[in-house]
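# A structural walkthrough
Okay, here's what each chain looks like letter by letter:
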Amino acid sequence: MGFLAPFLRKLLKSYTGRIMALFPFGLFAVLSYLFFLLPDETAHLVDTGLKLLPEISLSFRFDGLSLIFGLMVSGIGGLVLGYSSFYMAHYSGRSKFYFFLVLFMGSMLGLVFADNLIAFFIFWELTSITSFFLIGFEHENEKTRQAALQALLLTAFGGLCLLFAVIMIGNMAGTYSLTNIYQQGFRFGAHSNYYLVFVLIFVAVATKSAQFPFHFWLPGAMHAPTPVSAYLHSATMVNAGIFLLLRLNPIMGGTIIWKTIFVITGGITMFIGAFYSMGQKDLKRILAFTTISALGTMVLLIGMNSTASIQAALIFFIVHGLYKGGLFMMTGIIDKNTGTRDIARLAGLLKKMPVTSIAAILSLLSMSGIPPMLGFIGKELIYDAKIQMPELSWLVIPLGVASNMIMVAISLLIFYEIFLQPKGKQTVALKQPEKTLPGNFLAGPVTLALVGLTLGLFPGWLENIMSNALYFIQGEIVDVHLSLWHGFNKVLILSIFTVAMGIVIFLFRKPIGSLVQVIIRWTDQYYLPERFNQLIKNYLHLAGRQTNRIQHGYHRYYLITFFTITFALVMYQLATLKGDWIPIYETSPIKWHVVMVLTFSMLAVLFAVFTRSRISAIIALGVLGYGISILYMFYGAVDLAITQFLVETVIMVIFVMVIYHLPLFATLSSTKTRIRDGLIAIGVGVMVAFLLLKARFINLEPPISDYFAQNSLLKGHGRNIVNVILVDFRALDTLGEITVLALAAAGVFTLLRLDINRKDKH
Amino acid sequence: MRNLILEKIATLFLYVMIGFALFLLLRGHNSPGGGFIAGILAASGFLMYAIVFGSEAVLKKIVVNPRYIIGTGLLLSLISAIIPIFWGLPPMTAIWGTLGKIHVGTPLLFDTGVFVLVTGMIISIITNIMDVLKWNS
């Protein structure tokens, strides 16, 4: 799909985003159909029959978990595409934007539905790469480039860890298919490799989902265009780590290390994210830090690993996707329409942009967990799950309540500063009234807010799919019951307390804000992005020094090193081999025409060595080349002979062309170096001669040429064995070779063009 | 200085070489020939043409930038490598069909890719070298 984007864009002009949005919506419709059909304890497995390698099939798995994620990815994806058709209207390089956005969407969907672990890994890496291009979309800006590179380096590092982990899991389970692994009931908590796999998975998840201490790339990633941020934060990318945890939970969850590590990391991330968001002024940065907090919450919940907590994590994922997508798009609208995202400068938008504001307020309500939004149910479930964990509740409840209080305070702050009209703040001028904004631009936040509201009022719609998802995550049948009103109990008291404290924090925002500023300034000494950059820089410096030592750039010394070392190694190996050297018993009668060709060739070589003119040296070498190709002819290798002839000719012509422009022949090297070079040359010649003699007596494997000769016509449909080998039996080699050729052409091109451009400048 | 006879010969030589290269490419599977040889042969036609008329003329003759020719060649070979996946076979498996009495299959596409790439590569290198040397311009 993505590959079509640039072509489609030329066709559709400014409608691209809107038209392309139809595809994810179509997918969304299909998925929702599946969503209502899915019975409680089954998973659909769609085998596409495509195989990348024998072990790696591209089959897709549809169960509750992947459907929840898939619906979010495709639904929000469609809205984002429609949204960006207006947002991106004045950017250059829109084709590229749609190309990567759709590709990103596709790889995220692939990741969610992949049944094969290796395929899962491939899609995981694809999301990293495409998000790199999306984050770095405005690549003229240096900060953007840095942020994109940082995100790529971190997530790619995590991806590498994931690859190792996946291979180890596959080896232990004997299959890479998730369905098979689930069916075997495979668990390896007691396996000796468990800790290694766990660490690898932890790094993969922590880098992808921006967990402490890798959380710093996410705020940087908000240099991306707003539609991308909305998509990245709400349903894709960062949630891939969450998805991985949920997928692996039945295989490796529930151990003590799983619980402690994920609960602690999640808790710290949750709190840090919420805390930092208080000190920000940029609307997008505030939202980015609240995302970190939300991701921390999800990791914490999965780490707790009780049925209630997994259920809470799933609901919270939906909640978070809905409100965060909406809020980011709202930010984009405000940014487009007023020219600023600074909350200190925005005010009184409720009157001026009522539709956006109401949608945003609904999303903010969901974020702070106030009824009747779905966010309320999510928060209730989280508290409930936390209370049910007696051994951990002393830690997770205070942290959770504190972060939620901050969420409430932040929501209030945004609401108060932006939408109301605080005293002493000037209203900002709109670039165009809200009524004139196109519908698809406003549709995103409005739809998401309304969905959040509807699901909050009728949470029963989610029960079916939740219990299916939980069946596969926890391995037990759970009767999910969701409702807005749980009765008056401990959870509700906690909620009321949270909201109240949130209001208190909001009222005292000035002193608390300055306190937060002080702390943030103090921690800035250990500013992680800077540290990371420093680390990379040092590493590059070290690598550069090493390279300079080995790669000195003198062609002749490379050749000397190469030839002498090869000579030494091969001669040593030959000396240790026993056996005959000269094939006495099968000397064939001497053919005089061969001798003649050889004599001519040898004379040509001698001439080339001792001549004082470049042109004649080249021509002498050409004679040698033709001599060799004639030899090929005598021994029946016609293809080889033709190739040698042609290559020799082309090279000669190019040589002559170049040499024509070189200065006259001059002896620049001293006699000493000439003798040294001569010795090396003779040595290598002797080595090759010995090697050829010896090669006749060494047979490590039965020769494969018989197979080729027999099967060329049968399987390859060709009588010319050489060509059948090239294009069929050994096509991979040929593909590699022509790729090298293409690269060589690119190398020649850049080298020579650089030279031409430099000359033109002078 | 223009040399009319040489120019005529070079033009004729170019077409003959391209025709002969195509012939070698198509028969390559059964008799000596094949994509690589055909590529060099076609390129040698262009080489002669370039020597006589200069690199600009060659670039005008082939219309598209040689870089795109190289890319097209690589793409063709890759496509022929990927096609078998859609039949559920491992990549690069040869698929054969018959066109009348002739067998046609993905290896031919692969070989065509090699041919196009080699031609493009040599043309690209020649024209670049000539630009550096300011040959005929």
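Treat the numbers as computed from the prediction; the structure is a model and nothing was measured. (Residues numbered from 1 in each chain as written. Chains lettered and ligands numbered in written order. Predicted model: local features only at pLDDT ≥ 70, side-chain atom pairs only at ≥ 80, totals over all residues. Heavy atoms only, no water.)

## Points about the side chain of Gln211(A)
Residue and element names in this part refer to chain A. Stated formally: The helix and strand labels rest on DSSP assignments: H or I over at least four residues marks a helix, E over at least two residues marks a strand, and numbering proceeds from the N terminus. Any pair of nitrogen or oxygen atoms within 3.5 Å is treated as a polar contact; in protein, a donor-acceptor pairing is required on top of that, and neighbouring residues in sequence qualify only through side-chain atoms on both sides.
With respect to the element layout, Gln211 can be found in the loop between helix 8 (194-208) and helix 9 (217-220). At 3.3 Å, the side chain of Gln211 and the backbone oxygen of Ser209 are in polar contact. There is a polar contact of 3.1 Å between the side chain of Gln211 and the side chain of Thr269.

## Focus: the side chain of Thr331(A)
Residue and element names in this part refer to chain A. Which entries qualify depends on this criterion: Under the scheme applied here, a residue whose accessible area is under 20% of the maximum for its type counts as buried, over 50% as exposed, and between as partly exposed, the area being computed with a 1.4 Å probe on protein chains only. Contacts were defined at the residue level, with two residues in contact if any of their heavy atoms lie within 4.5 Å.
Among the secondary structure elements, Thr331 is positioned in helix 14 (residues 307-338). Owing to a relative accessible area of 1%, Thr331 belongs among the buried residues under this scheme. Those residues in contact with Thr331 that lie beyond four places of it in its chain are Leu283, Lys284, Leu287 and Arg341.

## Considerations on the environment of Glu7(B)
All names here are of chain B. Within the secondary structure, Glu7 is located in helix 1 (residues 4-27). Residue classification places Glu7 among the buried residues on the basis of a relative accessible area of 12%. The sequence separation of Glu7 and Val52 amounts to 45 residues, and the corresponding C-alpha distance is 6.4 Å. Setting aside its immediate chain neighbours within four residues, Glu7 contacts Arg2, Val52 and Phe53.

## Thoughts on the nonpolar core
The following threshold applies: For this analysis, a nonpolar core means a set of buried residues of the types Ala, Val, Leu, Ile, Met, Phe, Trp, Tyr and Cys, connected via side-chain atoms within 4.5 Å. The domain limits used here are those given by an automatic or database domain assignment.
Of all hydrophobic cores here, the largest spans 171 residues; its most connected members are Trp217(A) and Met252(A). Per element, the largest residue contribution to this core is 18 residues, and it comes from helix 14 of chain A. For this core, the domains that each give at least three residues are domain 1 (1-252) and domain 2 (254-507) of chain A. Beyond its immediate chain neighbours, meaning those up to four positions away, Met252(A) contacts Ile169(A), Phe188(A), Tyr194(A), Val197(A), Phe198(A), Ile201(A) and Trp258(A). Of all hydrophobic cores here, the second largest spans 47 residues; its members include Leu752(A), Met17(B), Val58(B) and Val114(B).

## With respect to unusual backbone geometry
We note that Ala210(A) has phi near 55°; this positive angle belongs to a residue other than glycine. For Ala210(A), the location among the structural elements is in the loop between helix 8 and helix 9. A relative accessible area of 0% means that Ala210(A) is categorised as buried. The phi dihedral of Val63(B) falls on the positive side, at around 65°, and the residue is not glycine. With respect to the helices, strands and loops of the structure, Val63(B) is situated in the loop between helix 3 (55-62) and helix 4 (66-82). We classify Val63(B) as exposed; its relative accessible area is 71%.

Coordinates in, geometry out; function isn't part of it.
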